[in-house]
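Coordinates in review
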Amino acid sequence: MYQTLTFLHSTFRWIVLLSIIYALWRAYRGYSHHKTFSKTDDSVRHWTATIAHIQLIFGIVLYVKSPIVKYFWKNFSEAKESLDMLFFGLIHISLMITAIVLITIGSALAKRKPTDREKFKTMLIWFAVALAVIFIAIPWPFSPFVNRPYFR
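Residues numbered from 1 in each chain as written. Predicted model: local features only at pLDDT ≥ 70, side-chain atom pairs only at ≥ 80, totals over all residues. Heavy atoms only, no water.

On to the overall build of the protein. Across its full length, the protein carries 6 helices and 0 strands. Secondary structure elements of the protein, listed N to C terminal, follow the sequence α-α-α-α-α-α. For the protein, the spread of C-alpha atoms along the three principal axes comes to 55 × 25 × 25 Å. Relative to its 152 residues, the protein shows a buried fraction of 40%. Here the protein displays about 8,600 Å² of accessible surface, and carbon together with sulfur accounts for 69% of that area. Treating the 18 positive side-chain charges of the protein as one cloud and the 7 negative ones as another, the clouds have centres 6 Å apart. (Helix = DSSP H or I, 4+ residues; strand = E, 2+ residues; numbered from the N terminus. Buried < 20%, exposed > 50% of the residue type's maximum accessible area, 1.4 Å probe, protein only. Areas by Shrake-Rupley, 256 points an atom, 1.4 Å probe, with all protein chains shown as cover. Lys, Arg positive; Asp, Glu negative; His and termini not counted. Charge placed at Lys NZ, Arg CZ, Asp CG, Glu CD.)

Let us now look at the packing of helix H3 (residues 67–74) against helix H5 (residues 83–112). One way to put it is that H3 packs onto H5 with a least axis distance of 9 Å and a crossing angle of 95°. Judged by the angle between their axes, H3 and H5 are roughly perpendicular. Of H5, the residues touching H3 (which contributes Ile 68, Val 69, Tyr 71, Phe 72 and Trp 73) are Met 85, Leu 86, Phe 88, Gly 89 and Leu 90. (Axes fitted to C-alpha atoms, helices over the stretch in contact; angles between N-to-C directions. Parallel < 35°, antiparallel > 145°, perpendicular 65-115°, else oblique. Contact = heavy atoms within 4.5 Å.)

Here we take up the packing of aromatic side chains. Think of a pair of aromatic rings as described by two things: how far the centres are apart, and how the planes are tilted against each other in angle. Enumeration over the complete set of coordinates arrives at 9 aromatic pairs. Centroid distance Phe 12 to Phe 58: 5.6 Å. Interplanar angle 85°. Geometry classified as edge-to-face. Here Phe 12 is found in helix H1 (residues 2–32), whereas its partner Phe 58 is found in helix H2 (residues 39–65), with 46 residues between them in sequence. Residue class for Phe 12 comes out buried when judged on its relative accessible area of 15%. An aromatic cluster is built from Trp 14, Phe 135 and Trp 140, whose rings are joined through pairwise contacts. Geometry around Trp 140 places Arg 13 over its ring, the cationic atom sitting 5.7 Å from the centre. Just above the ring of Tyr 31 sits the side chain of Arg 117; from NZ or CZ to the centre is 3.9 Å. (Phe/Tyr/Trp six-rings, centres within 6.5 Å; stacked < 30°, edge-to-face > 60°. Lys NZ or Arg CZ within 6 Å of the ring centre and 35° of its normal.)

Without other data, these values stay purely geometric and don't point to any function.
In structure tokens, the structure reads:
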């Protein structure tokens, strides 16, 4: 089960990234060109948040099942010295939850804004900040903190 969760979480991140980038592109285009916030834009807003929440569920289940995380919490005083353990035991999940909260707030605020331009602007700001946090928290193969392959 652990290997399957790792694979799903690793693969699904690409869907999350693509959906956020697509939502940002639509928000930027809508904001800069003074477009109408269409049903498609609203659907992109909604599905981007939904996809991020699905990834969060995969991540939380993986976190609970992870032998690295279990070791981290059982041996906290010594494990916190290892950047690999600290990253997966605390940093990754904290930053990713923060990013999902930002996406959720941005989605909810955008939905409630009175004008189309404000909806696009709200989506653009909140989703961009969330994407920046996500980029920091992903264990990229080139990361100086901790690295994992693009697909596991």
